[in-house]
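# Summary of structural features
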Amino acid sequence: MLNMAAPSKLVSHVNKLISVSNLSCKTYSSTSAYRINKILSEASLRGKHISVKGWVKAIREMKGTTFIDLDDGSGSEKLQIVLNTERANKDVSCGCCLEASGLLELGQGQGRPVELKAEEVNIIGICDSQGSYPFKPRKRYSTDYTRQFLHLRQRTNSFSALLRLRNAATREMHDFYQKLGFIQVHTPILTTNDCEGAGDVFHVLPAKQQGHQHLHESEHEQSKEAEERNRQVDEEAFFGKSTYLTVSGQLHLEALASGMARVYTFNPAFRAENSQGRRHLAEFYMLDAEFAFVSSLDDVMQNVEDLVKTTTRNLLEKNQEDFDFYMKRIASKGHEVSLCVAYKNIWNPVFTYPLH
């Protein structure tokens, strides 16, 4: 007999495939709220009703009007929210999180390209600005003070600017090597090599092994032989051999370069040098690159020079506001002048790196 149900099932299946193929991919938007850096930079948004979310940096009242400086971490500039004081929520305070909706208009104050005439302001999270909240509006804080509040330091202008600059520098370094055809790889964080003794290493042991009573011997009964046996027990407790936090991905890259020609990694590195100086870090991110078929040491030196030049130049040109803020508020006196002189005299020439 002819199965009449089969054609209908086939048609239904085909229709489902067609509907799936016609699905459009939407850009992520949190309830249509715009980022502040986009609001300030895009002229097409002026005269439109928009929503924005962020944290209150400062509040002031003047002749029945309340002005709120809103920040969402997207840039160094704040968006001014303007609303009638009678309609303002009394719980709005410095540090609280809110959503504001209204008409975006040209700014009336000096240095403000636009401002939002708020029609609705909803509090997302309150803040005890008069009590436990550590940062007051329009006040500068030292780095030592800010470090006491690690979970809130991104609310300060200086630390948020630093994070954006670090993000930009990381992106530029990735772009530099990607454009040269390098492949990014992720080398192990836990490793059995110490990278040819490149630095003092952190020894990795399971937490449950570190606190156990070694061989059931008391501290007074342990001999040198027992200590040596205990050390071997610890080293073989989990990995079967001594294991460390990586000090560099160099050795892994050297092996990979013999088959992939151009590779790089941008991974955490750890050094167990017991120093409290500013030039010694226990944990940091390190960029390592290896490439095969090098004809001379000049090729390697030119690669490093062009990396520094390209990253620094693009960092200065694309992130001027954050860079200016950082130089004025944080950098050592005179550092900005010396950096700008070096930029004009050294970093403008066209690069001649041979890789294509």
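Before any of the text, the structure's been laid out above.
Let us look at the structure shown here. (Residues numbered from 1 in each chain as written. Predicted model: local features only at pLDDT ≥ 70, side-chain atom pairs only at ≥ 80, totals over all residues. Heavy atoms only, no water.)

### Re unusual backbone geometry
Excluding glycine, most residues fall at negative phi; most peptide bonds, likewise, are trans. Phi is positive for lysine 63, close to 55°, though the residue is something other than glycine. Residue classification places lysine 63 among the exposed residues on the basis of a relative accessible area of 84%. One non-glycine residue, phenylalanine 293, lies in the positive phi region at around 60°. Tracing the backbone shows phenylalanine 293 in the loop between strand E11 (283-291) and helix H8 (297-318). (Buried < 20%, exposed > 50% of the residue type's maximum accessible area, 1.4 Å probe, protein only. Helix = DSSP H or I, 4+ residues; strand = E, 2+ residues; numbered from the N terminus.)

### Quick look at the environment of tyrosine 145
By the element assignment, tyrosine 145 lies in helix H3 (residues 143-146). In this structure, the C-alpha to C-alpha distance between tyrosine 145 and proline 134, residues 11 residues apart in sequence, is 9.4 Å. In this structure, tyrosine 145 is in contact with Pro134 and Phe135, ignoring residues within four places of it in sequence. (Contact = heavy atoms within 4.5 Å.)

### Some thoughts on the packing of helix H4 (residues 157-179) against helix H9 (residues 320-329)
Orientation of H4 relative to H9, taken along the N-to-C sense of each, is 130°, at an axis distance of 9 Å. Between H4 and H9, the interaxial angle falls into the category oblique. The two elements H4 and H9 meet at a crossing, and its hand is left-handed. Residues Asn157, Ser158, Ala161, Leu162, Arg164 and Leu165 of H4 touch H9, and the partners they reach there are Asp322, Phe323, Phe325 and Tyr326. Class assignment for the residues of the contact of H4 with H9 results in 6 nonpolar, 2 polar and 2 charged. (Axes fitted to C-alpha atoms, helices over the stretch in contact; angles between N-to-C directions. Parallel < 35°, antiparallel > 145°, perpendicular 65-115°, else oblique. Left-handed = near helix turned anticlockwise from the far one by under 90°. Nonpolar A, V, L, I, M, F, W, Y, C, P; charged D, E, K, R; others polar.)

### Side note on the sheet that holds E11
Here 3 strands make up an open sheet; going across it, the order is E7-E10-E11 and the pairing mixed. Lying at the two open borders of the sheet, with one neighbouring strand each, are strand E7 (183-184) and E11. Of the strand pairs in this sheet, strand E10 (residues 262-270) and E11 are connected by 9 bridges, and their pairing is antiparallel. When the bridges of E11 are listed, asparagine 267 appears paired with methionine 286. (Pairing = 2+ DSSP bridges.)

### Some details on the packing of aromatic side chains
Scanning the model with the defined rule gives 11 aromatic pairs in all. Both rings, one in phenylalanine 135 and one in tyrosine 141, keep their centres 5.4 Å apart while their planes meet at 65°; by these two values the pair is edge-to-face. For phenylalanine 135, a relative accessible area of 5% translates into the label buried. On the basis of an interplanar angle of 85° and a centroid distance of 5.9 Å, the ring pair of phenylalanine 266 and tyrosine 285 is categorised as edge-to-face. With phenylalanine 266 in strand E10 and tyrosine 285 in strand E11, this pair connects stretches of sequence that are 19 residues apart. Residue tyrosine 285 is classed as partly exposed on the basis of its relative accessible area of 45%. Here the aromatic residues Tyr133, Phe135, Tyr141, Tyr145 and Phe149 are joined through ring pairs into a cluster of three or more. (Phe/Tyr/Trp six-rings, centres within 6.5 Å; stacked < 30°, edge-to-face > 60°.)

### Things to note about a nonpolar patch on the surface
A surface patch of nonpolar side chains, about 500 Å² in accessible area, is lined by Val294, Leu297, Val300, Met301, Val304 and Val308. As for its placement among the helices and strands, valine 308 is situated in helix H8. Assessed through its relative accessible area of 44%, valine 308 is described here as partly exposed. (Patch = residues over 30% accessible without salt bridge, like charges linked within 9 Å, V, L, I, M, F, W, Y side chains within 5 Å. Areas by Shrake-Rupley, 256 points an atom, 1.4 Å probe, with all protein chains shown as cover. Salt bridge = Lys/Arg side-chain N within 4 Å of Asp/Glu carboxyl O.)

### Focus on empty space enclosed by the protein
Taken as a whole and assessed by the stated rule, the structure comprises 1 cavity of 30 Å³ or more. The volume enclosed by the largest cavity comes to roughly 50 Å³. As for the largest cavity, its lining consists of Thr187, Pro188, Thr246, Ser248, Gly249, Thr265, Asn267, Pro268, Ala269, Met286 and Asp288. For the lining of the largest cavity, the secondary-structure elements that each account for two or more residues are E10 and E11. (1 Å grid on protein atoms, 1.4 Å probe; cavity = no way out; pocket = protein on both sides within 12 Å on 5 of 7 lines; lining within 4 Å. Points joined across faces, edges and corners; volume = space filled by probe spheres on them.)

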